[in-house]
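Structure at a glance
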Amino acid sequence: MATMKVLNMAGAEVGTVELNDSIFGIEPNEVVVHEVVKNHLANCRQGTQSALTRAEVSGGGKKPWRQKGTGHARQGSTRAPQWTHGGIVFAPKPRSYSYVLNKKVKRLALKSVLSAKAADGELIVIDRIAMDSIKTKDFRNFLSAVKCDGKAVVVTPEVRENVVKSARNIPGVQTTTATILSVYDLLNAKYLVLDQEALAKIEEVYA
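The name given to the chain in an unreviewed UniProt entry is Large ribosomal subunit protein uL4, with the source organism recorded as Dysosmobacter acutus. Per UniProt, the comment on the chain under Sequence similarities (unreviewed entry) is "Belongs to the universal ribosomal protein uL4 family." According to the UniProt record, the Subunit (unreviewed entry) comment for the chain reads "Part of the 50S ribosomal subunit."

Here it is, written out as structure tokens:
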């Protein structure tokens, strides 16, 4: 098992913790991670695009010229797709792009990302992440103290309102809980900052 330093919110080392190899020590599966990210982005699509087919555009009821003798190609309507202001061929209509992935696939992708974070030194474990009051400046100072100088996902074992509200105005910083980790959010962030209780909960849920 790999061993991680445990820091406090002032950035001082206060102990160590062993990481579960089945979650933080596997060989990352890039194909599975790609599939899960693609699924996430598909599920986020609104799917509200719409265009009119030739049956739905207004006008075009009259045949523009007689069938034969004009030298033009025969035409039955000025709303056919080849005409300006005509309908759209195979027009897009509102639909859902969402689809379901196997639960084991999503779990493997999450373990892959967590293992990659641990291997790259982008995992930071804090003994307890808590705020006495809602202070964005204090939370920014905490991130600086633990050398978290980029996009970050801060994970607590449960929703801690002061932490959420202190972090929400810091660009690139997201807060979440241990049971609803998003592969996309973890990949989009440089650092993963874990409360020690949240780490234990992750190992309990995903082991």
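There is more to say after this.
Our next topic: the pairing of strand E1 (residues 3-7). Bridge analysis of E1 against strand E2 (residues 13-18) gives five bridges, and the strand direction is antiparallel. Looking across to E2, one finds that Leu7 is bridged to Glu13. As consecutive antiparallel partners, E1 and E2 are separated by five residues, and within that stretch Gly11 has a phi angle of approximately 95 degrees, a positive value. Relative to strand E3 (residues 123-126), E1 is paired through two bridges, and the arrangement is parallel. Residue Leu7 lies in a different strand from E3, and its bridge partner there is Ile126.

What follows covers the sheet that holds strand E4 (residues 152-156). Strands sit in the order E2-E1-E3-E6-E4-E5 across an open sheet of six strands; the sheet is mixed. Either end of the sheet is taken by a strand with one partner, and the two such strands are E2 and strand E5 (173-177). When the angles between neighbouring strand axes are averaged without regard to direction, this sheet yields 30 degrees. Contacting E1, E2, E3, E4 and strand E6 (191-195), helix H7 (residues 196-206) crosses the sheet at an angle of about 95 degrees to E6.

So, about the layout of surface pockets. In this structure, the largest pocket occupies an estimated 260 Å³ of space. Residue lining of the largest pocket: Val36, Asn39, His40, Asn43, Lys103, Lys106, Arg107, Leu110, Leu181, Ser182, Val183 and Tyr206, and that is the complete set. Listing elements by their share of the lining of the largest pocket, those giving two or more residues are helix H2 (30-44) and helix H3 (103-119). The residue inventory of the lining of the largest pocket, partitioned by class, reads five nonpolar, four polar and three charged. Computed from the structure, the second largest pocket encloses a volume of approximately 210 Å³. Forming the boundary of the second largest pocket are Met4, Lys5, Leu7, Gly11, Gly121, Leu123, Ile124, Val125, Ala145, Val146, Lys147 and Tyr191. Counting only elements with at least two residues in the lining of the second largest pocket, the list comes to E1 and E3.

Relative to the helices and strands, Val6 is located in strand E1. Separated by 188 residues in sequence, Val6 and Leu194 place their C-alpha atoms 9.7 Å apart. In contact with Val6, other than residues within four places in its own chain, are Ala12, Glu13, Val14, Gly15, Thr16, Val17, Val125, Ile126, Asp127 and Gln196.

A separate point is unusual backbone geometry. Backbone geometry places His85, a non-glycine residue, at a positive phi of 70 degrees. Here His85 lies in the loop between H2 and H3. Positive phi outside glycine occurs at Lys147, with the angle close to 60 degrees. As for its position among the elements, Lys147 is in the loop between helix H4 (136-145) and E4. On the accessibility criterion, Lys147 (65% relative accessible area) is exposed.

Cut-offs and rules
- Residues numbered from 1 in each chain as written.
- Predicted model: local features only at pLDDT ≥ 70, side-chain atom pairs only at ≥ 80, totals over all residues.
- Heavy atoms only, no water.
- UniProt positions renumbered as here; feature names shortened; annotations may be inferred.
- Pairing = 2+ DSSP bridges.
- Helix = DSSP H or I, 4+ residues; strand = E, 2+ residues; numbered from the N terminus.
- Axes fitted to C-alpha atoms, helices over the stretch in contact; angles between N-to-C directions.
- Contact = heavy atoms within 4.5 Å.
- 1 Å grid on protein atoms, 1.4 Å probe; cavity = no way out; pocket = protein on both sides within 12 Å on 5 of 7 lines; lining within 4 Å.
- Points joined across faces, edges and corners; volume = space filled by probe spheres on them.
- Nonpolar A, V, L, I, M, F, W, Y, C, P; charged D, E, K, R; others polar.
- Buried < 20%, exposed > 50% of the residue type's maximum accessible area, 1.4 Å probe, protein only.

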